[in-house]
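Architecture and fold: a report
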Amino acid sequence: MIAYILYTALIGLAILPLLLYFRNPYILKDISYAITAIQIGMRVSKFKNHKPFYSILDCFLDKVAKQPHKKFLLFEESSFTYSQADKESNRVARALSLHANLKEGDTAAVFLGNEPLFVWIWLGLAKLGCTAALLNYNIRSKSLLHCFSCCEAKVLVAGADLRGAVEEVLPTLKQQGVRVFILNEDCDLEGVESLSDKIQQASDQPLSPHLRASINIKSPALYIYTSGTTGLPKAAVINHERLWMASFLQSVAGVRSDDIIYVYLPLYHSAAFLMGLCGAIDKGITVVLRRKFSASHFWNDCRKYNVTVIQYIGEIMRYLCNTPKRDNDKDHKVRLALGNGIRTDTWADFLQRFGDIHICECYGATEGNIGFVNYVGKIGAIGKEHFLHKMGCPYALIRYDTEKEEPVKNSKGFCIEVPRGETGLLVAKIGERTPFSGYAKNNLQTERKKLRDVFVKGDLYFNSGDLLKIDDEGFVFFQDRIGDTFRWKGENVATTEVADHLLMVDCVEEVNVYGVKVPGHEGRIGMAAMTLKENMDFDGKAAYQLVKRYLPSYARPRFIRIQDALAVTGTFKQMKVKLGEEGFNPAVIKDRLFYLEDHNGYVPMTQEIFNSIAEGRIRL
Ligand SMILES: *[C@@H]1O[C@H](CO)[C@@H](O)[C@H](O)[C@H]1NC(C)=O
């Protein structure tokens, strides 16, 4: 009898894992995710309580002490060890302290492309206890000035190739008493000082930690810009806590200390800077930096530098799949890709073509207090729910009216959580552990991202602006983005910023900018519906000159639709959803349409152009 009970118990024990497995085939990955999450939680609380506060710079300096001769940065034909990087940044810090008089608490704006100096300047600023504002090097004139002043930077450090853009705004910068430095040996421009010579002359001796003694976990580490709904970019405040959380993504994705990561996305975005560079410092690994993405050099670079981890945005994966097939497509050491926005079909293509690479798709906004990671590699999902995660940062998908552009309320005036499997707006509770730092000098925009009285009186949530869906297994799927921004080529475009510029064209009376989907592409491309002033015709030339001068290429409206009157909702909001759905097919739309041809300007839209785009013969 006893033997029988023991026997059944043993069988039971033996098949228990099997039962669990059938109930949840992801159990092992769920457990491993839970362990990593707990470890991260413990590290954060340790950093918080560490006196003085343990920053990413301290982490870097620890790595310098532990592995001084390990390669930190590879760029083109040069390479820098951890120790060399430390010394280079000491020089920068000393030059900036002496010549720009930067001190703890000051902000300096960095206006520079991807190159090692970008990293030395940031590390140098961190050594002085300063905050770095990472400017997008594509922006010009009014937007540039705005980015600059909203972080109250005292100093601008610009790359030599951006001299023209700096010259354009120099009078205003001077008025504001800003010190402007350019990364040249000398400079003949009045009011601009050279910096490269000063860096070379500076000593590479370490700087005293007393210079940054008052930095704590809530101090701003960086300003990273995101497109805003009112038009001009907003500076998201990245404090040290947020920086650490983003850096941990590499741990969640399973990056190891012997990995080599390829960073080619712009360092002024959080993907490359926080998840790529800062994550690499946390892991103490080697970073291969590239100035710009190149589809034809991508795999050769991976082979040349023995890259094992790549970052991506969806567009990049599609470009790579679109390159001509080669025999050596699978000949590389890349084992892990982490990023955001890969489409389901591209995902499958990519794996088949380039081999067994674990794709770790993640979701999160630069300024957001919530993120998801698809740690099991399920094709198409941007993340997977985990009960620990939900405990740590409560979130919900709420019902949303896309035409009225507001959450649907119940009879008591509260929001309604959607049932599983339905699309809803992601909102995440703002709390002690999940703070929302908002935007620098922009209380209005900060408040606009907050939702109050969501489920009970007095609660407070972060409005992600993204519509998501969560299935029965807890996989999270991206559906759409709402409101006044759309995403194209990995950049957020603010519809009102584009509209503000178009309104400067003489013939334009009113304008409504929105994004339209293009077959075979991620995101939405810009389109503008407009009405013209009385007795005026659309001046394609003037419009082209203007968008070319003031807007980065990803933000220029590809299509223009001329209307007699702009459609508005009952509350006089411009209709964007309907126009977006109508698209740009001249067979469907009876209004006059124009198309922005590369190097040529706006030309009348034809069925032939439409077909070429739909069939992928014209690349947008
Ligand atoms: C890449 O790895 C190979 C073999 O493991 C080695 O010979 C080569 O030096 C490495 N290349 C770089 C740039 O580290």
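**With respect to the side chain of threonine 107**
Position of threonine 107 relative to the elements: it lies in strand E3 (residues 107–111). Among residues more than four places away in sequence, those in contact with threonine 107 are Leu102, Thr131, Ala133, Cys151, Glu152, Ala153, Lys154, Val155 and Tyr223.

**Observations concerning the pattern of salt bridges**
All chains considered together, the criterion is met by 35 salt bridges. For lysine 450, the salt bridge goes to glutamate 447, with nearest N and O atoms at 3.2 Å. Of the charged contacts in the structure, one is a salt bridge between lysine 578 and glutamate 582, with a shortest N-O distance of 3.4 Å. In this pair, lysine 578 and glutamate 582 both sit in helix H19 (residues 577–582), four residues apart, roughly one turn of the helix. Judged by relative accessible area, lysine 578 falls into the partly exposed class, the value being 40%. Looking at glutamate 582, the relative accessible area reads 29%, which means it is partly exposed. Each of Arg318, Arg343, Asp345 and Glu522 takes part in salt bridges that share partners, so that together they form one network.

**Some words on the sheet that holds strand E26 (residues 508–516)**
A sheet is described by the order of its strands in space; here five strands give the open sequence E26-E27-E28-E29-E30, paired in mixed fashion. Each edge of the sheet is formed by a strand with only one pairing partner; in this case those strands are E26 and strand E30 (601–604). Across the sheet, the axes of successive neighbouring strands diverge by a mean angle of 25°, strand direction being ignored. In this structure, strand E29 (residues 592–597) lies alongside E30, joined through four bridges in antiparallel fashion. Among the inter-strand pairings, glutamate 597 is bridged to a residue of E30, identified as glycine 601. Along the sheet face, helix H17 (residues 495–502) touches E26 and strand E27 (525–532) and points at about 150° away from the line of E26.

**What to know about the packing of aromatic side chains**
If you walk through the whole model with that rule in mind, you get 33 aromatic pairs. Taking 4.6 Å as the distance between ring centres and 25° as the angle between the ring planes, the aromatic pair formed by tryptophan 299 and phenylalanine 354 counts as stacked. Taken together, the residues tryptophan 299 in helix H12 (residues 298–304) and phenylalanine 354 in helix H14 (residues 344–354) connect sequence positions 55 residues apart. Owing to a relative accessible area of 1%, phenylalanine 354 belongs among the buried residues under this scheme. Both rings, one in phenylalanine 372 and one in tyrosine 395, keep their centres 5.1 Å apart while their planes meet at 90°; by these two values the pair is edge-to-face. In this pair, phenylalanine 372 sits in strand E15 (residues 371–373) while tyrosine 395 sits in strand E17 (residues 395–398), placing the two residues 23 residues apart along the sequence. Just as phenylalanine 372 is buried, tyrosine 395 falls in that class too. Three or more aromatic residues joined by ring pairs form one cluster here, namely Tyr262, Tyr264, Phe293, Phe298, Trp299, Tyr319, Phe350 and Phe354.

**Some remarks on unusual backbone geometry**
Residue proline 52 is reached from lysine 51 by a cis peptide bond, and omega for that bond is -10°. Note that proline 52 resides in the loop between helix H2 (27–49) and helix H3 (56–66). Positive phi, normally seen in glycine, also occurs at lysine 441, with a value near 50°. In this fold, lysine 441 is placed in the loop between strand E20 (423–429) and helix H16 (443–448). With a relative accessible area of 58%, lysine 441 lands in the exposed category. You will see that aspartate 453, though not glycine, has its phi angle at about 50°, which is positive.

**Focus: the site of the ligand**
If you check the shell around the ligand, you find Lys304, Asn306 and Lys333 and nothing else. Here an oxygen atom of the ligand and a side-chain polar atom of asparagine 306 are 2.3 Å apart. Considered on its own, the ligand offers 360 Å² of accessible surface; in the complex 30% of this is hidden by protein.

**Quick word on the nonpolar core**
Within the largest apolar cluster, 148 residues are counted, with the highest numbers of intra-cluster contacts made by Phe72, Phe111, Trp122, Leu156, Leu222, Phe273 and Phe350. Broken down by element, the residue count for this core peaks at nine residues, all from helix H5 (residues 116–127). In this structure phenylalanine 350 touches Trp299, Ile310, Met317, Leu320, Cys321, Gly355, Ile357 and Ile359, once residues within four positions along its chain are discounted. Membership of the second largest hydrophobic core comes to 46 residues, among which are Phe486, Leu546, Tyr595 and Ile613.

**Details of the pairing of E29**
Here strand E28 (residues 559–562) runs beside E29; their pairing, made up of four bridges, is antiparallel. Counted as the bridge partner of isoleucine 562 is arginine 592 from E29.

**A closer look at helix H4 (residues 82–99)**
End to end, H4 covers 26 Å across 18 residues, agreeing with the expected 26 Å (1.5 Å per residue, within 8%). Among all positions of H4, only Tyr82, Ser83, Ala85, Asp86, Ser89, Asn90, Val92, Ala93, Ala95 and Leu96 are buried. Two residues or fewer after H4 comes asparagine 101, characterised by a positive phi angle close to 60°.

**Some remarks on the domain arrangement of the chain**
Parsing the chain into structural domains produces domain 1 (81–242), domain 2 (385–428 + 441–471) and domain 3 (485–614). Relative placement of domain 1 and domain 3: their C-alpha centres are 35 Å apart.

Calculation criteria
Residues numbered from 1 in each chain as written. Predicted model: local features only at pLDDT ≥ 70, side-chain atom pairs only at ≥ 80, totals over all residues. Heavy atoms only, no water. Helix = DSSP H or I, 4+ residues; strand = E, 2+ residues; numbered from the N terminus. Contact = heavy atoms within 4.5 Å. Salt bridge = Lys/Arg side-chain N within 4 Å of Asp/Glu carboxyl O. Buried < 20%, exposed > 50% of the residue type's maximum accessible area, 1.4 Å probe, protein only. Pairing = 2+ DSSP bridges. Axes fitted to C-alpha atoms, helices over the stretch in contact; angles between N-to-C directions. Phe/Tyr/Trp six-rings, centres within 6.5 Å; stacked < 30°, edge-to-face > 60°. Near = heavy atom within 4 Å. Polar contact = N/O pair within 3.5 Å; in protein donor to acceptor, adjacent residues only side chain to side chain. Areas by Shrake-Rupley, 256 points an atom, 1.4 Å probe, with all protein chains shown as cover. Core = buried A, V, L, I, M, F, W, Y, C linked by side-chain atoms within 4.5 Å. Expected span 1.5 Å × (residues − 1). Domains from an automatic or database assignment.

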